[in-house]
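# Remarks on the overall topology
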Amino acid sequence: MDEAIARYPAGHRRSAAMPLLHLWQEHFGFISDESALWIAAKLGLQSINILELVTFYPMFRQKPAGKTHIRVCRTLSCAMAGGYQLMENLCAAIGIDRRGHGDGMHNPISVSADGNYSIEFVECLASCGTAPVCMLGEQLRENVELKSIADLLRNQTSNNASPARTKRQTPPHPLEHRLVFKNIGRDDWSTDIDCYLRDGGYEELKQALTMSRSEIVDKVKNSGLRGRGGAGFSCGLKWSFIKPDEKRPVYLICNADESEPGTFTRPTFT
């Protein structure tokens, strides 16, 4: 741990908090309140500075787990795609009864009688576009088939998706009109740059490079593009607030932790 701390300048030792937490959990299996206090003292921090990390990030746990620990995402995008059913199916497959834990905010770790498996709900595994997702140990499993839990557990040593699963795409909702994602699922569609260029990629950028700042702002205003947060504020109007001759520093803030429908597909920019 001293070696990990030494990698950071003396005035920024708190940046070592996450590495220390990972090291501790790898060695002891979980992070107790006493260990959080020890790490805080080691870094010259308040205990809350460490406890807030432990309780926020789903990769950390505060109780002992089974030999294979399973995290099931229950954030809204995963819940809509079957996350709660996924939890029920997994519990049935590994012999865990979670009926006494309820559906409240606190979802403790449940361990199987033989100690081979443990499971918990977590708030987000940062893969909302491939819901439902779960983690088996340190392996992220995306687009989980709710009826294939036995295969999921049997193949837990590999995180490589099969060709069939690689091609699986989430179909559009009947009321959904795809724009940014309109090419996803096409038979001839791929993620390489040549495919993007063949489909007209960067053509709008070429046009923008010939336009003035005010013309670009007006075009975005007229498009009706709005922020994807709760306010739905006009993007073009927001851009117009930055004066062309602004002398003060201008900051771009990216909120990358939105996980409700309509915002999980990309960050919200302010």
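What you see is a predicted model; the values in this text were computed from it and never measured. (Residues numbered from 1 in each chain as written. Predicted model: local features only at pLDDT ≥ 70, side-chain atom pairs only at ≥ 80, totals over all residues. Heavy atoms only, no water.)

### Describing the packing of aromatic side chains
We apply this condition: Centres within 6.5 Å make a pair out of two Phe, Tyr or Trp rings, where for Trp the six-membered ring is used; the pair is then stacked when the planes are under 30 degrees apart, edge-to-face when over 60, and tilted otherwise. Labels follow the DSSP assignment, with helices taken as runs of H or I lasting at least four residues and strands as runs of E lasting at least two, numbered in each case from the N terminus. Accessibility here uses a 1.4 Å probe with only protein chains present; expressed as a share of the type maximum, an area under 20% marks a residue as buried, one over 50% as exposed, and anything in between as partly exposed.
All told, the structure shown has six aromatic pairs when counted by the stated rule. Seen in terms of ring centroids, tryptophan 24 and tryptophan 38 are 5.5 Å apart; in terms of plane orientation they differ by 45°. Their pairing is tilted. Separated by 14 residues along the polypeptide, tryptophan 24 in helix 2 (residues 17-28) and tryptophan 38 in helix 3 (residues 33-43) bring together distant segments of the chain. Judged by its relative accessible area of 16%, tryptophan 24 is buried. Given the relative accessible area of 40%, tryptophan 38 is considered partly exposed. For the pair phenylalanine 56 and tyrosine 57, a centre-to-centre distance of 5.0 Å together with 90° between the ring planes defines the contact as edge-to-face. Grouped by ring-pair contacts, the aromatic residues Trp24, Phe28 and Trp38 constitute a single cluster.

### Focus on the pattern of salt bridges
Rule in force here: A pair is scored as a salt bridge if a Lys or Arg side-chain nitrogen falls within 4 Å of a carboxyl oxygen belonging to Asp or Glu.
Inspection of every chain in the model, using the stated rule, returns seven salt bridges. Between arginine 7 and glutamate 3 there is a salt bridge whose closest N-O contact spans 3.8 Å. Judged on exposure class, the residue arginine 7 and its partner glutamate 3 are both exposed. In this structure, glutamate 203 engages lysine 206 in a salt bridge whose closest nitrogen and oxygen atoms are separated by 3.4 Å.

### Focus on the sheet that holds strand 2 (residues 110-111)
Heads up, the condition is: Two strands form a pair only when DSSP identifies at least two bridges running between them.
With respect to topology, five strands assemble into an open sheet ordered 2-3-1-4-5, the strand pairing being mixed. Only two strands of the sheet have a single partner each, and these edge strands are strand 2 and strand 5 (139-141). Two elements, strand 2 and strand 3 (residues 117-122), share two bridges in a ladder whose sense is antiparallel. Across the sheet, residue valine 111 finds its bridge partner in strand 3, namely serine 118.

### Some thoughts on the confidence of the model for the protein chain
The test is simple: On a range of 0 to 100, pLDDT expresses the predictor's confidence in each residue. In this analysis, two residues are considered to be in contact whenever any of their non-hydrogen atoms come within 4.5 Å of each other.
The share of residues in the protein chain with pLDDT of 70 or more is 83%, and the mean pLDDT across the chain is 81. Contacts of residues 157-168 to residues separated by more than four positions or lying in other chains number 14 contacts, the stretch itself having pLDDT below 50. Predicted confidence for residues 263-270 stays below pLDDT 50, and this span has 30 contacts to residues more than four positions away or in other chains.

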